[in-house]
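Letter by letter, the chains look like this.
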Amino acid sequence: MTWPGLPSRKASVRHLLPKPGRSNTLQKSNKVTSQSTRRRGRKTQPVVPQAVLYARVSTLEQQREGYSIPAQVKLLEDYAALNGIAIMSTHIDVETARKRGRTAFGAMLGFLRRNPQVRILLVEKTDRLYRNLSDWATVDDLGVDVHLVKENAVMSQACRSSEKFVHGIKVLMAKAYVDNLSEEARKGMLEKARQGHWPSFAPIGYRNVQNDAGRKVIEVDPVLGPQVARLFEWFATGSYSVKSLTAKAAAAGLGYRKSGSRLGSSAVYTLLRNRIYTGRFDWNGETYSGVHGPLISQALWDSVQSLLDERGPGKQHSHIATFPFHGLIKCGHCGCAMVAEIKKQRYIYYHCTGYRGKCPEPYLRQERLEAHLVSALQRLHYCTTAALRIEQAIKGQGRGGAAQPRDNAGVTSIVRDDERMIRQGLELMEMARLAFLALPGLPIVQKRRMLGLLLGECTWANGALTVNFAAPFDLLEVYVGTVSQDGDADELLAAIAMAFGRPAAVVKQLIARYNAMVRCQQGEAERARTGEFAWSDPEVAAA
């Protein structure tokens, strides 16, 4: 029964029921209260701080001693255990901290960036972590707490400015220490270079040893030294590019002393440019006379440098093993190189590259070009009587320049070197005298080697070959022509005697290239007979 004017009982409790689409605040409140009561009934677990461990030594010697790294790691692990810190990652470097780019240091920074929950860095002391300002700024930007265990200090964002200032002073002191150490090392290495000792790690072909006085020096490596000498001889023939020489060295088994891995093209190029193999070396922009034994002669090194300097975009070096005259002759119309091409898989023709436009010169058969070269080489041929006169003049010129007392060992060595140079010069003259007979029967590579020694700039135009011989064979050409016409050739004979009796640097390089060519031919013949590379003797190569 309801009273008039009053709401029914169902209507009076309707406002207490939850409405559709709304949550019951009272039920939520009761649920939260019950959960809070249950939480108060059990203990909360403490959060364990997480850290990375970093240790470092500067040199491999310190690592091999075996006490520095283990001591650092044990100290930091004991500190972490005492303070309830969990070590999540360990990083160890065997590098100097003077420069950026340490391997384990970079890995540690990457780990900290990938794991933001790890906010502690454990290290023994300041100079174990960084010795340069860049690494200090990098670690500071990460916002981690750096625990310097031996210094009993913790560097964090909450540190006072005075503490950060003192830490910065320690970083600068560590940097000053390593800078002073580097400066003293450079001074010591410079003084060592002035005394003639190579002050660094031995290059390929030498090895580091201690002499009788306990001083670290270099000496010829008995295994790699002859191989390096042969590399210079191979390249001096002019038959190889740096790339092909690298492949030949790899086929011969030349590699690094420790790893045994093969040399790359850049390593071979650097080796060919290194003056140390002559007994002298460059250090800090100065050239010093070394006390170590040379692997090659100065003349051979100079000839290799000349060949390297000549290599450029306009030079033709390909197909030298297939075509004997490829790139040796230029077009007389436009100055481009004459290159070879096979027609009908049988005939070899030479023609202008046409780099500067269409050239009017027709194609030239290889047999015809070789006939012209043989005809030109006949201009260097002289009779045996003239050969005897030239030999006597050269020997007389050499004796005149070597008229010195022979009781001194150094002077005796110089005289022997002069005599050997004269003998090798006479052999080179004999090769030039008989070149027109030898050229047709030589293999392709040896043809190129011979012509590379004898010829200067040669051009082909309008069916004619113009040959200019290289010095001093240009003098020989004039001498032969004068003698054949019964002219007065005494002055020319004296010039030839001077050129070979007291050879200048250019002639010495020419003789060195000839010796390299002969030795390479002997080595190739030995390899054909035995199937193995015959490496040269460093003493013979240096001579």
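Rules used throughout
Residues numbered from 1 in each chain as written. Predicted model: local features only at pLDDT ≥ 70, side-chain atom pairs only at ≥ 80, totals over all residues. Heavy atoms only, no water. Helix = DSSP H or I, 4+ residues; strand = E, 2+ residues; numbered from the N terminus. Buried < 20%, exposed > 50% of the residue type's maximum accessible area, 1.4 Å probe, protein only. Areas by Shrake-Rupley, 256 points an atom, 1.4 Å probe, with all protein chains shown as cover. Expected span 1.5 Å × (residues − 1). Core = buried A, V, L, I, M, F, W, Y, C linked by side-chain atoms within 4.5 Å. Contact = heavy atoms within 4.5 Å. Disulfide = S-S within 2.5 Å. Patch = residues over 30% accessible without salt bridge, like charges linked within 9 Å, V, L, I, M, F, W, Y side chains within 5 Å. Salt bridge = Lys/Arg side-chain N within 4 Å of Asp/Glu carboxyl O.

Colleague: An account of the overall build of the chain is requested, with residue identities and associated values reported.
Modeller: Of regular secondary structure, the chain possesses 21 helices and 15 strands. The buried share among the 543 residues of the chain stands at 40%. Counting only carbon and sulfur atoms, one obtains 53% of the accessible surface of the chain, whose full area is about 30,700 Å².

Colleague: Quick rundown of helix α12 (residues 298-310)? Include the residues and the values.
Modeller: The end-to-end C-alpha distance of α12 is 18 Å, a good match for the 18 Å that 13 residues give at a rise of 1.5 Å each. Those residues of α12 not exposed but buried are Ala 299, Leu 300, Trp 301, Ser 303, Val 304, Gln 305, Leu 307 and Leu 308.

Colleague: Explain the nonpolar core residue by residue, including any values.
Modeller: Of all hydrophobic cores here, the largest spans 59 residues; its most connected members are Leu 369, Ile 390, Leu 428, Leu 454, Phe 473, Leu 476 and Tyr 479. Per-element accounting of this core gives the leading share, 7 residues, to helix α15 (residues 409-433). The contacts of Leu 476, once residues within four sequence positions are left out, are Leu 380, Tyr 382, Ile 390, Met 429, Ala 432 and Ile 496. Grouped together as the second largest cluster of nonpolar side chains are 41 residues, Tyr 206, Phe 232, Leu 254 and Leu 272 included.

Colleague: Lay out the state of the cysteines in plain terms, naming residues and giving numbers.
Modeller: Considering all chains together, one arrives at 0 disulfides under this definition. With no disulfide partner, Cys 336 has as its closest neighbouring cysteine sulfur the one in Cys 334, 3.6 Å distant. Judged by its relative accessible area of 4%, Cys 336 is buried. Among the cysteines around Cys 359, which has no disulfide bond, Cys 331 carries the closest sulfur, lying 3.4 Å off. Among the residues examined, Cys 359 registers a relative accessible area of 18% and is labelled buried.

Colleague: Tell me about a nonpolar patch on the surface, and please be specific about residues and values.
Modeller: On the surface, Leu 133, Phe 165, Val 166, Ile 169, Leu 172 and Met 173 cluster together into a nonpolar patch covering about 570 Å² of accessible area. Looking at the nonpolar patch element by element, the count peaks at 5 residues for helix α8 (residues 161-194). As for its placement among the helices and strands, Leu 133 is situated in helix α7 (residues 133-142).

Interpretation in functional terms is not warranted from these geometric data alone.
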